[in-house]
Amino acid sequence: MSQLLQHTFTNKTKQGTPVFVAFLTAGFPTLDATVEGLLALQEGGADVIELGIPHTEPIADGETIQYSSKIALEQGVTIEKCIEYVKEARHRGLKIPVVLMGYYNPFFVYGEEKIIIEAKEAGLNGFIVVDLPPDEGGDHFINLCKKHGLSFVPLITIVTPVHRLNYVNSIADSFVYCVSLLGITGENNQLAPELSTFVTNARKYIKKPIAIGFGIKNQSDVRVVSNIAEGVVVGSLICKTFGEAPKEKRAETLKNVVADLLKGSKLSISGSEDSNAKVESENPTSTNLTLPAYFGKFGGRYSPEILMAALHELEYAYAKYKDDPEFIAEVRSHYDYIGRPTPLHKAHRTTEVCGGAQIWLKREDLCHTGAHKINNAVGQAILAKKIGKTEIIAETGAGQHGVATATICAKLGLKCTVYMGSDDIQRQALNVFRMQMLGATVVSVNCGSRTLKDAVNEAMRNWVKKVRTTHYLVGSAIGPHPFPTMVRDFQSVIGQESRKQMIEKTGRLPDAVVACVGGGSNAIGMFHPFVEDKSVKLYGVEAAGEGMEGDKHCATLAKGSLGILHGVKTYVLQDHQGQIKDTHSISAGLDYPGVGPEHAFLKDSGRATYVCVDDKEFTKNQSCRHLKDLRLLLSMKVF
């Protein structure tokens, strides 16, 4: 626990003024500006500083923080530099508490105890980790903070249920950060109308001071927050102002912004307790209706707090319905519409050209909409309706998942929005047209690599805004629990049919099953029914892009390392700082820097073998050119 943080809140409360918490991205707008900015914030009247560690995938942040992170990373900001900034600022007279704020993967890859020790030595006082919910794997980090005398600041939101509030109170030692709205940082939104009532009633469970952030942009907002909480957090406005100010006036501008926001602010916590308030009810997942979240060491639910209630709701619903005969019958009632069962076809010419093996193709390309994606889309859309969601959002790379989602939404009467990288929109224009014809809104994502990874980021950001009414229909076996399990189960129809058809056609199981792997939904759907058949070898094929020597590939299982991406611990293509690398493949749908956690487990356990094929190797083979897309090669080999 940081005594300085605790004393700051205690003293300011006695003085009758709110604690002003200021956020600044390290290394923005220039490498030499951060120390100057920290000192200017203190001089302007800030009481606590959050120093943001830049990350390539800031899924809970709006345009301002995204931009500041991008600029900082382009200029070479590292964790070491972030810590050094604080050390230098302390040497130059910085007295107020400073906490490091960031996403979990950079901390995890750098070394959790290492960064905590170095932060302590530099004069830091604590950590805020946006996507490390304390009851979802954060205990280890929290205990390390306690061991070294630093604070771990937990987050709550206006949709945090009672059982989580109780837990947050048990681990908070200085203050609790409350997110003020359903949305991302820097949005030009009003504070949530239920915020005051939520905070008032949350105090039944939260006994530590509360600081409110997100969307606070003027004196009026500061005064509103000062009436309901001990602290107010301002980030995007400060970063934007600091970045736009002329170099010679940055410090003065920052001081003036903080001083202006604080004018007239008095701590006057009020509000009447309402027993019927919008503190979400006890979460149903506190019952036994839960599912295993990990495959060995892979998996988990590393998501911003604002999504946790929705993820628990989804887990509970899927655990309830997955074995329910009526739910299963409803999903299967759409199989005629999909075109199931799809044929198992012996590829005579390919068998002749390749020699040796009999090659059989499971023809998922004959599914309605042209790929296996419709299997999962149908199951999730039906589940979403059962839990009262009225809108679906999705990401897509090659466009097949987008088309499948748009199709089932049109059939079931659900509003549909699909996020797609602008590069993928150009190379998959026909699928964009199909989505729009089906009534979906297609949103072009122009940030990052402008491919699948960035479409996932943007879909998650927008899920945050409408989490109460919207379901995010994840298209691959990725993302936070329960998505990898749920997608696998809905796609397992591929392997179930293949196993049955193979026995019917040949009288035996295959010697090997082969499938391409991007995020891995078709492959895990094919593999899962064969996992217990030890005589059947499992081979996954990753896209090696322009070759394995550089970074222009998508060979996550071959070249990746353990990390956290889009809410799940798995193998990730990343650098030594935990920043996610851009990828490349001739196939839009395989262009992803992570992989489903069950594939990571199958690799480590030795049950499956994963190999790589680069663009040239694939396109030079005349017998495969007619396939056009590696993603359609869902094949089984019988040796």
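Notes on the structure follow. (Residues numbered from 1 in each chain as written. Predicted model: local features only at pLDDT ≥ 70, side-chain atom pairs only at ≥ 80, totals over all residues. Heavy atoms only, no water.)

## Points about the packing of aromatic side chains
- For the structure shown, the criterion picks out 16 aromatic pairs.
- Aromatic side chains tyrosine 104 and tyrosine 302 sit 5.7 Å apart centroid to centroid with 20° between the ring planes, which places their arrangement in the stacked category. Linking tyrosine 104 in helix 5 (residues 104-110) with tyrosine 302 in the loop between strand 11 (298-299) and helix 13 (305-321), this pair joins segments that are 198 residues apart in sequence. Neither tyrosine 104 nor tyrosine 302 differs from the other in exposure class; each is buried.
- A network of ring pairs unites the aromatic residues Phe107, Phe127, Phe141 and Phe152 as a single cluster.
- Above the face of the tyrosine 337 ring, lysine 411 is positioned so that its terminal group lies 4.9 Å from the ring centre.
- Taking the ring centre of tyrosine 571 as reference, the NZ or CZ of lysine 603 above it sits at 5.0 Å. (Phe/Tyr/Trp six-rings, centres within 6.5 Å; stacked < 30°, edge-to-face > 60°. Helix = DSSP H or I, 4+ residues; strand = E, 2+ residues; numbered from the N terminus. Buried < 20%, exposed > 50% of the residue type's maximum accessible area, 1.4 Å probe, protein only. Lys NZ or Arg CZ within 6 Å of the ring centre and 35° of its normal.)

## Let's talk about the sheet that holds strand 8 (residues 210-213)
- As summarised here, the arrangement of the nine strands in space is 5-4-3-2-1-9-8-7-6, forming an open sheet in which the pairing is parallel. At either margin of the open sheet sits one strand with a lone partner, and together these are strand 5 (151-152) and strand 6 (155-157).
- Two strands pair when backbone bridges link them, and strand 1 (residues 19-25) and strand 2 (residues 48-52) are joined in this way by five bridges, in the parallel orientation. Paired with alanine 22 across the two strands is isoleucine 49, which belongs to strand 2. (Pairing = 2+ DSSP bridges.)

## Topic: the environment of glycine 563
- Relative to the elements of secondary structure, glycine 563 occurs in strand 20 (residues 561-565).
- Looking at glycine 563, the relative accessible area reads 0%, which means it is buried.
- Counting along the chain gives 258 residues from glycine 563 to glutamate 305, while the straight-line C-alpha distance between them is 19 Å.
- Each residue touching glycine 563, except ones within four places of it in the same chain, is listed here: Asn105, Phe108, Val568, Lys569, Thr570, Val572 and Gln574. (Contact = heavy atoms within 4.5 Å.)

## Regarding the environment of serine 422
- As for its placement among the helices and strands, serine 422 is situated in helix 19 (residues 422-427).
- Taking the C-alpha atoms as reference points, serine 422 and threonine 350, 72 residues apart in sequence, are found 35 Å from one another.
- Sequence-distant contacts of serine 422, that is, excluding residues within four places in its chain, are made with Ser444, Val445, Asn446 and Arg450.

## Some thoughts on the pattern of salt bridges
- Scanning all chains against the criterion turns up 33 salt bridges.
- A salt bridge links glutamate 113 to lysine 147, with the nearest nitrogen and oxygen atoms 2.9 Å apart. Residue glutamate 113 is located in helix 6 (residues 112-122), and its partner lysine 147 is located in helix 7 (residues 139-147); the two are separated by 34 residues in the primary sequence.
- Taking relative accessible area as the criterion, lysine 147 reaches 58% and is therefore assigned exposed.
- Among the salt bridges present, the one from aspartate 454 reaches lysine 453, with a minimum N-O distance of 3.0 Å. In terms of burial, aspartate 454 and lysine 453 fall into one category: buried.
- Three or more residues joined by partner-sharing salt bridges are found here, namely Arg340, Lys362, Glu364 and Glu497. (Salt bridge = Lys/Arg side-chain N within 4 Å of Asp/Glu carboxyl O.)

## Considering the side chain of asparagine 376
- Checked against the element boundaries, asparagine 376 lands in helix 17 (residues 373-386).
- By relative accessible area, which is 0% here, asparagine 376 ends up buried.
- Sequence-distant contacts of asparagine 376, that is, excluding residues within four places in its chain, are made with His401, Leu473, Val474, Gly475, Val487, Phe490 and Gln491.

## Here's the deal with the nonpolar core
- In terms of nonpolar packing, the biggest core is built from 186 residues, with Phe20, Ile115, Phe127 and Ile212 touching the most fellow members.
- Looking at which element gives the most residues to this core, the answer is helix 13, with 10 residues.
- For isoleucine 212, the contacting residues outside a window of four places in its chain are Cys178, Ser180, Leu195, Val199, Val225, Ile228, Ala229, Gly231, Val232 and Val233. (Core = buried A, V, L, I, M, F, W, Y, C linked by side-chain atoms within 4.5 Å.)

## Describing the sheet that holds strand 15 (residues 415-421)
- Read across the open sheet, the four strands follow the order 16-15-14-17; overall the sheet is parallel. Each edge of the open sheet is held by one strand with a lone partner, namely strand 16 (441-445) and strand 17 (470-472). If you compare each strand with its neighbour and ignore which way they point, the axes differ by 20° on average.
- By the bridge criterion, six bridges tie strand 14 (residues 391-396) to strand 15 in an arrangement that is parallel. (Axes fitted to C-alpha atoms, helices over the stretch in contact; angles between N-to-C directions.)

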